[in-house]
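The primary structure of each chain is shown beneath.
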Amino acid sequence: MRQRSGIILIENDKLALIERHRAGLHYFAFPGGGVDEGETIEQAAVREAEEELGIQVKVIQKVAEVIFNGKPQYYFLVKHLSGDFGTGTGEEYGEYNPIHGTYHPLWMPVAEIPAHNVVPRELADLVVRCSKKGWPTEPVIIIEEKR
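Residues numbered from 1 in each chain as written. Predicted model: local features only at pLDDT ≥ 70, side-chain atom pairs only at ≥ 80, totals over all residues. Heavy atoms only, no water.

Q: It is not clear to me how the packing of aromatic side chains should be interpreted in this structure. Could you clarify?
A: Aromatic ring pairs are defined here through the distance separating the ring centres and the angle between the ring planes. Within the structure shown, the criterion is met by 2 aromatic pairs. Against the face of Tyr103 rests Arg20, its NZ or CZ located 3.8 Å from the ring centre. (Phe/Tyr/Trp six-rings, centres within 6.5 Å; stacked < 30°, edge-to-face > 60°. Lys NZ or Arg CZ within 6 Å of the ring centre and 35° of its normal.)

Q: Could you clarify how one ought to interpret the sheet that holds strand β6 (residues 55-68) in this entry?
A: Strands in a sheet are paired, the pairing made by backbone hydrogen bonds, and the direction either parallel or antiparallel. Here 5 strands make up an open sheet; going across it, the order is β5-β1-β7-β6-β10 and the pairing mixed. In this open sheet, the two edge strands, each paired with only one partner strand, are β5 (32-34) and β10 (140-144). Within the sheet, the average angular offset between the axes of one strand and its neighbour, ignoring direction, is 30°. For β6 and strand β7 (residues 71-83), the ladder comprises 12 bridges, and the chain directions are antiparallel. If you follow Glu65 over to β7, its bridge partner there is Tyr74. (Pairing = 2+ DSSP bridges. Helix = DSSP H or I, 4+ residues; strand = E, 2+ residues; numbered from the N terminus. Axes fitted to C-alpha atoms, helices over the stretch in contact; angles between N-to-C directions.)

Q: When you look at the layout of surface pockets in this model, what are you seeing that I'm missing?
A: Empty space among the atoms can be located by rolling a probe the size of a water molecule over them. Quantified by volume, the largest pocket comes out at close to 1,400 Å³. Of the residues that constitute the lining of the largest pocket, the class distribution is 14 nonpolar, 13 polar and 15 charged. (1 Å grid on protein atoms, 1.4 Å probe; cavity = no way out; pocket = protein on both sides within 12 Å on 5 of 7 lines; lining within 4 Å. Points joined across faces, edges and corners; volume = space filled by probe spheres on them. Nonpolar A, V, L, I, M, F, W, Y, C, P; charged D, E, K, R; others polar.)

Q: So what exactly am I meant to see when it comes to the nonpolar core here?
A: The tendency in soluble globular proteins is for nonpolar side chains to be buried as a group. Core analysis: the largest hydrophobic core is formed by 23 residues, its most contacted members being Ile8, Leu17, Phe30, Ile113, Val118 and Leu123. Of all elements in the fold, only β3 (14-22), β6, β7, β8 (102-109) and α2 (121-133) reach the threshold of two or more residues within this core. By residue number, the principal contributor to this core is α2, which donates 6 residues. Setting aside anything within four residues of it in sequence, one finds Ile8 in contact with Leu15, Phe30, Val63, Tyr75, Phe76, Leu77, Val78, Leu123, Val127 and Trp135. Listed in part, the 15 residues of the second largest apolar core include Ile7, Val35, Ala49 and Val57. (Core = buried A, V, L, I, M, F, W, Y, C linked by side-chain atoms within 4.5 Å. Buried < 20%, exposed > 50% of the residue type's maximum accessible area, 1.4 Å probe, protein only. Contact = heavy atoms within 4.5 Å.)

Remember that the coordinates give geometry; whether it matters functionally is a separate question.
Below is the structure:
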């Protein structure tokens, strides 16, 4: 069972997301991906930010653990250190593959998140609340059975 790590990056009241068109669905996902063997969940989040967004980030804190269909996903609040957003070179940006669909990094105003299909939904709602009221001191556990 492969673990997944993702990032929560907010700048100028906008959240970094990946717009996806896949299998007839249109949604927005938090940048992230699978944890490689020998890698910590924090290291995976940092690597995925570079691969998917083209930026270097620093982990500030673990915000949430999402259990999706029994598999753990970890989400970290991060700070942008360097690099140009949108210059990711991960394998998902290679030749178009209809099975994997499209990947488009973008900034979404936090205020607009509730009006869009941002997944995981409970995490998106948590980000909207916490960006205004402050982040939890302990990671929030979210159990999501199906999208």
